[in-house]
Amino acid sequence: MIELIPAIDIIDGQCVRLTKGDYGQKTVYSNSPATMAKEFERLGFQRLHVVDLDGAKSKHIVNSAVLRRISTETRLTVDFGGGIKTDEDIEKAFAAGAAMVTVGSIAVTQPELFMGWLEKYGADRLILGADVRHGKISINGWKEDSDEDLLPFLRKYIDAGVKNVLCTEISKDGTLSGPAIDLYKQVMEAYPQLHLIASGGVSSKEDIDALDAAGIPAVVFGKAIYEGKIDLRELVNSQIVNSQIVK
């Protein structure tokens, strides 16, 4: 069964969503990310993806206090990304309660630092962020495109021990236009051992079912929740029933 991971993106301490990573296309859905996280937990989710969009833009963690509140007020396994650029940033994220951190830009701009973190914290606590636009890895809050092509970028880090990858197709993110299933299938065909987390474009339970049918291990989704496109109770109950059938 595909792992279901709701997302909370934070700007100015609020729960927001952007469209295609554009800070000018921001919609605020809640003034309390912690309250939102508690609702996800109540519905039966076990995992949460939190993005510090202020941090991604500022190139250092900004919303660690929000992360701390979520981690202390819920029992959710929280993975946290956005603005993790230094040893101080990653330590701050873990100290604030992150079980895992998502790191993308540093893997492009300072690969030696990323490799050091992989060795220090282990592959189970580090998620490689691979945000893709026009086939290239994008960095620094999707403000810049690098020269890195997706599959070779993944290969060098998978060969070094990376197990978890969060892949976002930027053109799909926040659009509710459906996920980039062909892209994710291409990644899984190249690296079947990978725990790939698909992100971007999910608009319905049917989209999640399609990702599951394609063999994608996990999915992050946010806007479809906040826009009422997905019945979360039905989704969680369906996963529980299907999981019991598989067993």
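Structure: see above.
Notes on the structure follow. All figures in this text were calculated on a predicted structure; none of them were measured in a lab. (Residues numbered from 1 in each chain as written. Predicted model: local features only at pLDDT ≥ 70, side-chain atom pairs only at ≥ 80, totals over all residues. Heavy atoms only, no water.)

A look at helix H6 (residues 111-121)
For H6, the complete set of buried residues consists of Phe114, Trp117, Leu118 and Tyr121. The buried residues of H6 occupy an angular sector of 100° when the element is viewed end-on, so they sit on one face. Those residues of H6 that are exposed and aimed more than 90 degrees away from the buried face are Glu112, Glu119 and Lys120. Looking at the buried residues of H6, the elements they touch are helix H4 (87-95), strand S6 (100-103), helix H5 (105-109), strand S7 (126-133) and helix H7 (150-158). Following H6 by one or two positions, Gly122 adopts a phi angle in the positive range, close to 90°. (Buried < 20%, exposed > 50% of the residue type's maximum accessible area, 1.4 Å probe, protein only. Helix = DSSP H or I, 4+ residues; strand = E, 2+ residues; numbered from the N terminus. Arc of directions from axis to C-beta. Contact = heavy atoms within 4.5 Å.)

Describing the nonpolar core
Counting 72 residues, the largest nonpolar core has Leu154 and Phe221 as its most contacted members. By size, the runner-up hydrophobic cluster in this structure holds eight residues, among which are Ile127, Ile197, Ala218 and Val220. (Core = buried A, V, L, I, M, F, W, Y, C linked by side-chain atoms within 4.5 Å.)

Some details on the packing of aromatic side chains
Under the counting rule described, the total for this entry stands at six aromatic pairs. Consider the rings of Phe114 and Tyr157, whose centres lie 4.8 Å apart with planes at 70°: the pair is edge-to-face. With Phe114 in helix H6 and Tyr157 in helix H7, this pair connects stretches of sequence that are 43 residues apart. Assessed through its relative accessible area of 2%, Tyr157 is described here as buried. With centroids separated by 5.6 Å and ring planes inclined at 75°, the aromatic side chains of Phe153 and Tyr157 adopt a geometry described as edge-to-face. Taken together, the residues span about one helical turn, with Phe153 and Tyr157 both in helix H7 at a distance of four residues. Like Phe153, the residue Tyr157 is buried in the burial classification. Between the NZ or CZ atom of Lys57 and the centre of the ring of Tyr23, over which it lies, the distance is 4.9 Å. When the ring centre of Phe94 is taken as origin, the NZ or CZ atom of Arg125, which lies over that ring, is 3.9 Å away. (Phe/Tyr/Trp six-rings, centres within 6.5 Å; stacked < 30°, edge-to-face > 60°. Lys NZ or Arg CZ within 6 Å of the ring centre and 35° of its normal.)

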